[in-house]
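Report on the structure
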Amino acid sequence: MKVADIPVVFLSYDEPWADEFYADLLSKAPGAQRVHGVKGLDACHKAAAEKAGAQWFITVDADTLVDPAFFDVTIPPEYLNERCRIEWASRNAVNGLSYGNGSVKVWPRSLVRDMRTHEAAPKGVYSVDHEIGRNRETNSGGYGIQLPEIYSTTHPAETPLHGFRWGYREGIRLSTPHEHSFRGRGFMDHLTYPQLRRLRVCCSVGGHAPNGDWMIYGARLGVLANHLGDWDRNNINDFDWFNRLWTDTVLPRLNGRSGTSRYSDITWDVDALRAESDGVAQRIQDELGFEIVSPQAEVSRFVAEHIEEARSPSVVDAMGFMYLKGQYLPKDPETARRMFDVGTILNLSASYNNIARMQHLGQGGPVDLAAAQQNYEIAITKDNRFAPFHLATLLAETDPPTPALTARIDALVDLSKERGFDPPDPVPQPRCDT
C-alpha cells in the first residue's frame, strides 16, 4: 500500500499555530482532512477514524510537520494487519529526541474503534498512552511497529503552556515503571533503558530553544509529582485540569516581563523560571536519587543537534521476535535471524540471546549447542536477564551431572532473578544417567 493512497487526518485541539501547520500539510497532501477541538485523545482518534471513512488512515498531530518524502513511502504488505498500528518516529525540534511522541501513524480503523485508552480507559486502569506496545500485546488488543525512517519533526513548545504541558506529560509517562504501582526513590532502576535515556534528556536539554525552559520545567515537575505525590496519574489526560494548574498555580509564581512567545501573549520572569526549575531538579536528586543536569545553552543546542536517535535499536530485535513467533507478522525464522543479526551489530544483548535460542532449539536450522552456549555467554556479559536461565537449561540438558555443574546452574538461575527475570519452576537440574 502506498502512503499517498491512504487518507490523512490532522488532529488539533487548542494549538494557536495549528492553522499554519495544517496549511503546510495540505501543501503536501492536498486531500488531508482535519479533526479539531475534540476533547480527549481517545475520542479525537475515534473522530479521525470516522472522518477518514476508510479501513486505514494516517494521523498527523497539530505540532508535527511532515517531510514530503513520506508520501512516496510504500508499506510492506506483511505490516498491514487490522490489529497493528504502524508508525515512524518524529524528531523533537527542541531536544533532538526521536521516538513515538509526535510520530506519524497509520491506523487500522477497527483497532481505533475498539481501543479504550486515555480518558476512555476503564476505571482504575492507568493509561497515558495508546498502549500500542512494540513488545507486548495490550488492553486494546493491538500491536505496534515502529519503522526506522524519520519523516517528520514535532514542535511541542510553540507556546509556554504547550511546552509545559508536553514536558509534564512526558515527565509522568517516562518516569512510570511498567509495574505502575511503584513510586518513590530508585524509580529509575525500574525503567527500561530507552525510558531512562529519554527522561534524562527531557529533564535537561532544550533550554536553548524558545519555550524550551518551560518544557524542561514541566518534565521535572511531572517526575516530582509522579513519585512524591499521591494522585491519579490519569489526570494528565484532562486538559481542563492542566489549564487550572497553569493559570492558578504555575503562572502566578513566575510573573514577569523578560520572557515572551511568538504564539502567546503570556510573559514571564526568565530568571525566576530557571531558578524554580533548578530547585525542582535539586529536590528530585535529593529525595529521589535521580540526577538531572542544567547545561548551558550552547551545550544544550549541541546535544539536541547530535542525539540523532532515529529510534530505539531494540525495535530491530522486537521485529525479529515477531517474525520468529508469527505474532502480527508472517512466521519467518530466516527473516527473524537476519533481524537478530542486525541486532548483534547494534550490540543488543536480546539479539544474542534470541540467536542462541534459535540455535539451542533448532529454529530455522539445525541444533547447534556449542554456538548457542557461546551466544548465551555473550548475552550474559551484556547484562541480558533471560540468557543466564536459558544457558542453565542448556547445561542441565547436555552436560553430565557434577557438583560443580549444579552449582553453576544454580548461580545462573539466581543471576536471572537478580536481573529481574522470574524463572519458571522447576529450576533446571542436570540429567542423571540411568
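Since this is a predicted model, take the numbers as computed values, not measurements. (Residues numbered from 1 in each chain as written. Predicted model: local features only at pLDDT ≥ 70, side-chain atom pairs only at ≥ 80, totals over all residues. Heavy atoms only, no water.)

Considering the pairing of strand β6 (residues 98-108)
Within β6, ten of the eleven residues are buried, which leaves it mostly tucked inside the rest of the structure. Pairing of strand β3 (residues 56-61) with β6, which is carried by four bridges, proceeds in the antiparallel orientation. Across the sheet, residue Phe-57 finds its bridge partner in β6, namely Trp-107. Between strand β5 (residues 84-92) and the antiparallel strand that follows it, β6, lie five residues; Gly-96 among them carries a positive phi value of about 85°. (Buried < 20%, exposed > 50% of the residue type's maximum accessible area, 1.4 Å probe, protein only. Helix = DSSP H or I, 4+ residues; strand = E, 2+ residues; numbered from the N terminus. Pairing = 2+ DSSP bridges.)

Re the pairing of strand β10 (residues 264-268)
Buried residues dominate β10, accounting for four of its five residues. In terms of strand pairing, strand β9 (residues 259-261) meets β10 through two bridges, oriented antiparallel. Within β10, the position partnered with Gly-259 by the bridge is Trp-268.

Overview of the domain arrangement of the chain
Interfaces are frequently sized by the accessible area removed from exposure as the parts join. Domain assignment breaks the chain into domain 1 (3-154), domain 2 (160-306) and domain 3 (314-418). Centre-to-centre, using C-alpha coordinates, domain 2 lies 39 Å away from domain 3. (Domains from an automatic or database assignment.)

Regarding unusual backbone geometry
Positioned with a positive phi, His-118 is a non-glycine residue whose angle comes to about 50°. Its location among the elements puts His-118 in the loop between α3 (109-114) and β7 (143-147). Judged by relative accessible area, which is 5%, His-118 ranks as buried. If you check the backbone angles, Asn-211 has positive phi at about 65° while not being a glycine. Relative to the helices and strands, Asn-211 resides in the loop between α5 (193-202) and α6 (212-228).

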